[in-house]
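Architecture at a glance
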Amino acid sequence: MPKIDTERIRVAFDMAGCPNRCRHCWLGMGNSLVLSEQDVRWGVVQFRDFIARGNTSIRDLSVSTHFREPDYRNDYRHLYDLEAELGDGKPNRFELLSIWRLARDKTYAPWAKSVGPDTCQITFFGMQETNDWFYRRSGAFTDALKATERLLDSGMKPRWQIFLTTKLLPELDDLLALVDKFNLRKRVMELDSEFQIFLTLPGPDGEAVKIEHLRPAANQVSDLPEDLLASSRKHLEKDILWRTEAELASEIINAPEEKEELPEKLWFFVCGNWDVYANIGTLEPWWCLGNLKRDSVETIIKRYKHDKVSGLKALFLRSPANLAGKYGNPDGERIYSCRDSLLCRYREARCKNEWRESNG
């Protein structure tokens, strides 16, 4: 059961949507249904009233106007001020920016640097055709390269995240050659830092369920460049980047039950139709905690605390060993970043089956 023992919760309202429909996104594929400023102000009042009643340890509220692409709306500066007005403390800023906007708005990078932080992560899946296929948007690859230049021109540091799939493998050398072509290591060094580039694997949930067939097997990644592997280990702070399903499933079945980790920071996501989710799961229906127009914040949080939805039941009440025994492949050679990533696939499979059974 997830506990709410924090003094601060965070609520993100989908005011902006996203320019992409990425095939790896754990939030699933977004739609055009978004909330207005008036909607967000009303939603914040609901959470403020809940906090004011003092029934939990929660005392403070952080507010975000997005949980997909940041700063995608043209009035992104106003939305930053709105977050400061409605929330307690400085608005949350992460090392993620709108790549779409960086490629189109010359004033955006200097503004982003002024509010911090001074690093931005840019995601690649391969060269142009492959990259745009994953983003489901023509021009995404060109935007990523242009965004890299805009960041450097403004004194910000780009970081390249490369998703490892079978589509990437034949294009990896060409993608890495761009690092030298654009002299990224030297240019970031001139900003008193080190250019960061790393490999990561897609999660097996959300929209990424549909690209599991592109997950590489162990024998397909045996000859990756050692310098890229080293920089990946350094950035991700782990010695072993991935293991096979066979190894991880065996470990899950035979190891003692481990306590599931909670998100370091609790966020509630409010979608354009007012459905509410926590950042402990995806935006699939089995994780939905309620609807802010129909349910009180107290009801929504009680459902979160007491495992009242299928996703939370699978996370906290189902045996990982049983999940691995039922949904795992004991001979699976495809690689996963960790035990929790693989368990996520098993839980989602169970929840999807239960959802289909209960909804015809």
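Residues numbered from 1 in each chain as written. Predicted model: local features only at pLDDT ≥ 70, side-chain atom pairs only at ≥ 80, totals over all residues. Heavy atoms only, no water.

So, the overall build of the protein chain
Which entries qualify depends on this criterion: A run of H or I in DSSP counts as a helix once it spans at least four residues, and a run of E counts as a strand once it spans at least two, with each numbered from the N terminus. Put simply, the radius of gyration uses C-alpha atoms, and a globule should come to 2.2 Å times the residue count raised to 0.38. Each residue is placed in one exposure class: buried if its accessible area under a 1.4 Å probe, protein chains only, is under 20% of its type's maximum, exposed if it is over 50%, and partly exposed if it falls in between. Here a residue-residue contact requires only that any non-hydrogen atoms of the pair lie within 4.5 Å. Per-residue and other accessible areas follow the Shrake-Rupley method at a 1.4 Å probe size, with only the shown protein chains counted as cover for residues. A positive count includes Lys and Arg, and a negative count includes Asp and Glu. His and the chain ends are not counted in either. The location of each charge is read from NZ of Lys, CZ of Arg, CG of Asp or CD of Glu.
Scanning the protein chain from N- to C-terminus turns up 14 helices and 10 strands. The C-alpha radius of gyration of the protein chain comes to 21 Å, within 12% of the 21 Å expected for a compact globule of 360 residues. Referenced to the eigenvectors of the C-alpha coordinate spread, the extents of the protein chain come out at roughly 55 × 50 × 35 Å. Sorting the 360 residues of the protein chain into buried and exposed places 54% on the buried side. Here the contacts in the protein chain between residues at least 6 apart in sequence split such that 72% fall between residues at least 24 apart. Summed over its atoms, the accessible surface of the protein chain is roughly 16900 Å², and 46% of this surface lies on carbon and sulfur atoms. Between the mean site of the 53 positive side-chain charges and the mean site of the 56 negative ones, the protein chain shows a separation of 4 Å.

Some details on the pattern of salt bridges
What counts here: Whenever a carboxyl oxygen of Asp or Glu lies within 4 Å of a side-chain nitrogen of Lys or Arg, that contact is scored as a salt bridge.
Per the counting criterion, the structure on display carries 24 salt bridges. Measuring nitrogen to oxygen at the nearest pair gives 3.0 Å for the salt bridge that ties R345 to E245. Here E245 lies in helix α10 (residues 245–254) and R345 lies in helix α14 (residues 339–358), a separation of 100 residues in the sequence. Connected via shared salt-bridge partners are E37, R41 and E85.

Things to note about the packing of helix α13 (residues 320–327) against α14
The test is simple: Angles run from 0 to 180 degrees between N-to-C directions of axes, and those axes are lines fitted to C-alpha atoms, restricted for helices to the stretch in contact. Here the angle decides the label: under 35 degrees means roughly parallel, over 145 means roughly antiparallel, 65 to 115 means roughly perpendicular, and every other value means oblique. Any residue that is not Ala, Val, Leu, Ile, Met, Phe, Trp, Tyr, Cys, Pro, Asp, Glu, Lys or Arg is counted as polar, Gly included; the first ten are nonpolar and the last four charged.
Here α13 crosses α14 at 70°, and the two axes come no closer than 10 Å. The angle between α13 and α14 places the two elements in the roughly perpendicular class. Seen from α13, the contacting residues are P320, L323, A324 and Y327; seen from α14, they are R339, L343, R345, Y346, R347, A349, R350 and N353. Among the residues making up the contact of α13 with α14, the classes are represented as 7 nonpolar, 1 polar and 4 charged.

Observations regarding the nonpolar core
How we decide: Note on terminology: a nonpolar core comprises buried Ala, Val, Leu, Ile, Met, Phe, Trp, Tyr and Cys residues joined through side-chain atoms within 4.5 Å.
Counting residues in hydrophobic clusters, the biggest one holds 56 residues, and the most contacted among them are F268 and Y304. Examining the composition of this core, we find that 5 residues originate from one element, helix α1 (residues 37–52), more than from any other. Judged by nonpolar contacts, the second largest core, of 42 residues, contains I99, A147, I162 and V179.

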